[in-house]
Amino acid sequence: MWKEMRNIRRIGLFSGLFLGLVLLLLQPGSGPAAGQGQTRLVLAFYYAWYNPDSFGPGKTPFQPPEPYFSSDAATIQRHVNQAKGAGIDGFVQSWYGPNEPHTNGNFQTLLDIAAGSGFKAAVDFEPATFMSSNEERAAALSALLSTHANHPAYLRVDGKPVIFFWANWAYSVDAWAAIRNSADPNHNSIWIAEGGNPEYLSVFDGLHLYNTAWAANPAGIASTWSAETRAAAERYGAYKYWVATALPGFDDRHLGRGEETVYRPRSGGAYYQNSFAAAAASSPDMLIITSFNEWAEGSNIEPSVEFGNHYLDLTAEMAAAYKAGGVPDAPPLSQEEPSPSPTTEDAPAPAADTPQPTRPETSDATGFQEPAPSPTAQADGSIVYEVQAGDTLIGIAARFDVELEELYAYNDLTVGSLIRVGQPLIVGYAEGIESETGTPSPSEPVIPEGVEVREDGALVYRVQEGDTLIGIAVQYDLTMEEIYGLNEDLTDESVLSLGQEIVVGQRRQPDSVGSSADVPQPTATTTGVASPSPTATATATITPSPVPSIPPIVPTRAGEVALAGGEAPTPSGDEAAADASMPESESLSGFLPLAAGIVVLLGLSGSILFFLGRRG
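Residues numbered from 1 in each chain as written. Predicted model: local features only at pLDDT ≥ 70, side-chain atom pairs only at ≥ 80, totals over all residues. Heavy atoms only, no water.

Let us look at the overall build of the chain. From N to C terminus, the chain includes 13 helices and 19 strands. In the chain, which comprises 616 residues, the proportion classed as buried is 52%. Sequence separation of 24 or more characterises 74% of the internal contacts of the chain that already satisfy a separation of 6 or more. Only carbon and sulfur atoms are counted for the fraction: they give 56% of the accessible area of the chain, which is about 27100 Å². (Helix = DSSP H or I, 4+ residues; strand = E, 2+ residues; numbered from the N terminus. Buried < 20%, exposed > 50% of the residue type's maximum accessible area, 1.4 Å probe, protein only. Contact = heavy atoms within 4.5 Å. Areas by Shrake-Rupley, 256 points an atom, 1.4 Å probe, with all protein chains shown as cover.)

Helix length check: helix 8 (residues 310-323), at 14 residues, gives a terminal C-alpha distance of 20 Å against a target of 20 Å (1.5 Å per residue), a fit within 8%. Counting buried residues in helix 8 gives 11 out of 14 residues, a clear majority hidden from the surface. Residues of helix 8 that are buried: His310, Tyr311, Leu312, Asp313, Leu314, Thr315, Glu317, Met318, Ala319, Ala321 and Tyr322. Those residues of helix 8 that are buried are in contact with strand 1 (41-46), helix 2 (73-85), helix 7 (270-281), strand 11 (286-289) and helix 9 (393-399). Just beyond helix 8, the residue with positive phi is Gly325, at close to 100 degrees. (Expected span 1.5 Å × (residues − 1).)

Under the defined criterion, the tally for this structure stands at 32 aromatic pairs. When the centroid spacing of 6.2 Å and the interplanar angle of 75 degrees are considered together, the rings of Phe107 and Tyr154 count as edge-to-face. Taken as a pair, Phe107 in helix 3 (residues 101-115) and Tyr154 in the loop between helix 4 (134-146) and strand 4 (156-157) lie far apart in primary sequence, 47 residues in all. Note on accessibility: Phe107 and Tyr154 belong to one class, buried. Ring centres 6.0 Å apart and planes at 50 degrees place the aromatic pair Tyr272 and Tyr311 in the tilted group. Pair noted here: Tyr272 is in helix 7 and Tyr311 is in helix 8, with a separation of 39 residues, a long-range link. Through a chain of ring-to-ring contacts, three or more aromatic side chains come together here, namely Trp95, Phe125, Phe165, Tyr171, Trp176, Trp191, Tyr200 and Phe204. (Phe/Tyr/Trp six-rings, centres within 6.5 Å; stacked < 30°, edge-to-face > 60°.)

Attention now goes to the packing of helix 7 against helix 8. Where helix 7 contacts helix 8, the axes come no closer than 11 Å and their chain directions differ by 25 degrees. It follows that helix 7 is roughly parallel to helix 8 by the angle criterion. Here helix 7 runs over helix 8; the crossing is right-handed. The residues of helix 8 that touch helix 7, namely those facing Tyr272, Gln273, Phe276 and Ala280, are Tyr311, Leu314, Thr315, Met318, Ala319 and Tyr322. Class assignment of the residues belonging to the contact of helix 7 with helix 8 gives a composition of eight nonpolar, two polar and no charged. (Axes fitted to C-alpha atoms, helices over the stretch in contact; angles between N-to-C directions. Parallel < 35°, antiparallel > 145°, perpendicular 65-115°, else oblique. Left-handed = near helix turned anticlockwise from the far one by under 90°. Nonpolar A, V, L, I, M, F, W, Y, C, P; charged D, E, K, R; others polar.)

Turning next to the environment of Glu135. Within the secondary structure, Glu135 is located in helix 4. Assessed through its relative accessible area of 61%, Glu135 is described here as exposed. In the structure, Glu135 is positioned 47 residues away from Ser182 in sequence and 8.6 Å away in space, judged by C-alpha atoms.

Under the criterion given, the structure shown has 10 salt bridges. With its nearest N and O atoms 3.0 Å apart, the salt bridge here joins Glu452 to Arg462. Of the two residues, Glu452 sits in strand 15 (residues 452-453) while Arg462 sits in strand 16 (residues 458-462), which places them 10 residues apart along the sequence. Residue Glu452 is classed as partly exposed on the basis of its relative accessible area of 39%. What makes Arg462 partly exposed here is its relative accessible area of 32%. Here Arg462 ties to Glu501 by a salt bridge, and the two come within 2.9 Å at their closest N and O atoms. With Arg462 in strand 16 and Glu501 in strand 17 (residues 501-506), this pair connects stretches of sequence that are 39 residues apart. Note on Glu501: relative accessible area 19%, which makes it buried. When salt bridges with common partners are traced through the structure, they connect Glu452, Arg454, Arg462 and Glu501 into a single cluster. (Salt bridge = Lys/Arg side-chain N within 4 Å of Asp/Glu carboxyl O.)

Quick look at the sheet that holds strand 15 now. Judged by pairing direction, the sheet is antiparallel, and its three strands sit side by side in the order 15-16-17 without closing on themselves. For this open sheet the edge positions go to strand 15 and strand 17, each flanked by a neighbour on one side alone. In this sheet, strand 17 lies alongside strand 16 in antiparallel orientation, the contact comprising five bridges. Within strand 17, the residue paired with Leu459 across the bridge is Gly505. (Pairing = 2+ DSSP bridges.)

This part covers the packing of helix 6 (residues 218-236) against helix 7. The N-to-C vectors of helix 6 and helix 7 enclose an angle of 20 degrees; their axes lie 8 Å apart at closest approach. In terms of axis orientation, helix 6 runs roughly parallel to helix 7. Read as a crossing pair, helix 6 and helix 7 show a hand that is right-handed. Of helix 7, the residues touching helix 6 (which contributes Pro218, Ala219 and Ala222) are Tyr271, Asn274, Ser275, Ala278 and Ala279.

The next subject is helix 6. With 19 residues, helix 6 should reach 27 Å at 1.5 Å per residue; the first-to-last C-alpha distance of 27 Å fits that figure. In this structure, the buried residues of helix 6 make contact with strand 7 (206-208), strand 8 (241-246) and helix 7. Just beyond helix 6, the residue with positive phi is Gly237, at close to 70 degrees.

With 93 residues, the main nonpolar core has Phe125, Leu141, Ile163 and Trp176 as its most contacted residues. In contact with Phe125, not counting residues within four places along its chain, are Trp95, Met131, Arg137, Ala140, Leu141, Ile163, Phe164, Phe165, Trp166 and Trp176. (Core = buried A, V, L, I, M, F, W, Y, C linked by side-chain atoms within 4.5 Å.)

You can see Arg266 is positioned in the loop between strand 10 (263-264) and helix 7. On the accessibility criterion, Arg266 (1% relative accessible area) is buried. The spacing of Arg266 and Asp251 is 15 residues in sequence and 9.5 Å in space, taken between C-alpha atoms.

For the chain, the average pLDDT comes to 74, and 66% of its residues sit at 70 or higher. Segment residues 509-592 is flagged for pLDDT under 50; beyond a separation of four residues in sequence, or across chains, it makes 200 contacts in the model. Low confidence marks residues 609-616, where pLDDT is under 50. Its contacts with residues over four positions away, or in another chain, come to five contacts. (pLDDT = per-residue confidence, 0-100.)

The next subject is unusual backbone geometry. Residue Ser291 follows Thr290 across a cis peptide bond; omega there is 10 degrees. Structurally, Ser291 can be placed in the loop between strand 11 and helix 8. One non-glycine residue, Arg40, lies in positive phi territory at about 65 degrees. For Arg40, the location among the structural elements is in the loop between helix 1 (2-26) and strand 1. Non-glycine residue His187 carries a positive phi angle of around 55 degrees. Judged by its relative accessible area of 31%, His187 falls in the partly exposed class.

Printed below as a string of C-alpha cells:
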C-alpha cells in the first residue's frame, strides 16, 4: 500500500509542476521569459504645432524647404515617409491632453496615417500645459489609455502601450504615485520618465534624457544613465527600460533663455554620429532621436535648406547598423566647448534661391567653406575618393553620379555597411576598365534581382501583393524623393496596383558613337495616386484636408507653442483596417517564451508517461 501511495504522490508532484508551468507561461509579463526590453526600435520626437509663421530668421536657426501646417495630412504623410525611409520605426509626439484640439487632433491624424504606412506613434505627455491639477493630469492619461492607446498604430512594447513624459520632474514622486494609482493602477502601460533623477523610477517604468547636447562626450552620458536605470531595476524589483538619446546638435540661442542657453554645433554630422553610436553602445531597450522636427531648438533631422537630406541619410545608415546588432562607427569629435554667443557657423541665412546641398560643408568663423576633396585616378584605372567627416554612402553616390548598387559592388559593401573617415572608396573606373574582381565599369551597372530592363534602360520592378512604395524604395536603396523622381506620375498620395511598373533605377545608355551618355530622364508608365499600404490585404488612402487658418502661436518652451482656437483636422478616407506590423524583435518576444514553455511541458509529459510505463 505504501508503494502505491508513494507513486500517487509522485504523480501529484509532476502534475503540480506541470500546472505551475502552464500558469507561469499564461501570466503576462512574468520573469525573464516575457522577453522584456532590447527592442532595437529607433524612434524620434515629433512636433505638431507649426504653421508657416513658425519659421524664419530669428525664429528657427535652420529653415525647411517649404514652411508647412502641422495639421495638413499630406505633410504628416510626407514626414512618416521620410522617417520610415531613414529607418525610424515611430514618432513620439508632444501631447497636451484630450481637451486641447491641435495636438490631440493632429495625433489622431498621425495614428491613422501611421496605420496605413507600417509605422508607429506614441505620446510624449506634457503635464504642465493646459492642465492645472493632478486630477486633470490623471484624467488626461486615463483618456489616452482608453482611446489613442488602443489604436492599431499606437506603439506597444512587450504588449503594453508606451507613454513618454516631459518635465515629470516639475512634480514630486508622491504626486506621480497618486496620478498613476488613479490612471493606471495595474501598470498596464509603460511610463518613461524624463530627466536625471532615478528616484522617479519607483513610479515610472523607464528613463530617457531628452537633451544631452550640454555634454561634449555623449558616450559618458549614455553609459552612466544606462547603468543607473539597470541599478534601479534591482532596487525596485521590476524591469526598468533604458531609452538612449541621439541628437544631431542643438541651438536655442535665439529663445532668450539666458544662462540656460544650450548650443552644440553639428560639426558636419560628427556630433550626431558620436551621439548615435554612444546611444547604441549603451544597450538601450529603445533608441530615440531628439528630434525629427524641433526647429526652434535646432535639433531637427527633417530636411532643411542648409543641410538637405544629409541627416536623414546619416540616420538610415546608422539605424541599419544598429538594428543589425552593431554600433555605428563615429569620426573623432572635438572636445572643445562651444561658445554660447550667437554665430552663423551652424545657422547661415540662405538666399531665397539657395539650392539644397547634398551634404553640409564645414566652415570657420569667417564663413569660408573648405571644398570637398576630389577623387583621384589609380594605376589600375579605379577612381578613388577618401571619406570625409559627415559623409554617407548615399551622399557619395549622389555626388559622383554613381548608382548606390555600383558603389556597393566596387567596394565589396552590403546594405548597412559602415564607412569611416579616411577610408578609400572606389567611385568608378576609367572608361572600359574593370576591377581585378571583374566588377563592371559604370557603363555596365549591376542589375538588381527582381527587376527588368526596358529598351530605354529603365530598371523596372512589378508590384507584388503586399508591396508598399516605401518598402520598394528601401529594397532598392532609394529615398522617397528618388523614387518619385524616377516615376513622375507617383506622389505620396498614390495607390499601388498589382503588376504596376515602378522604375527603381536607370541603366546608362550609350550614345551614337559608343561613349558614355548622360542618364536620360525615365519615362514613367505608372498611373494613379498612391499611399503606402499597411499589409498585403489592407490599404489606407489619405486625402489631404484643406489647409486651415491657424491662429497665431505663442512660444511656451523650446519650440513648443500654445495654439488657440480652430478645429483639428480629421483625415478623410477609410480608416486602416489592419494592424501595422510591429518590428520583428517585438513579435518574437511573445513567441520565444511560449516555444520554450512548450518544450518544457513536452519534457515533463514524457517523464510522467515514462514513469507510469515502468510502473505498469
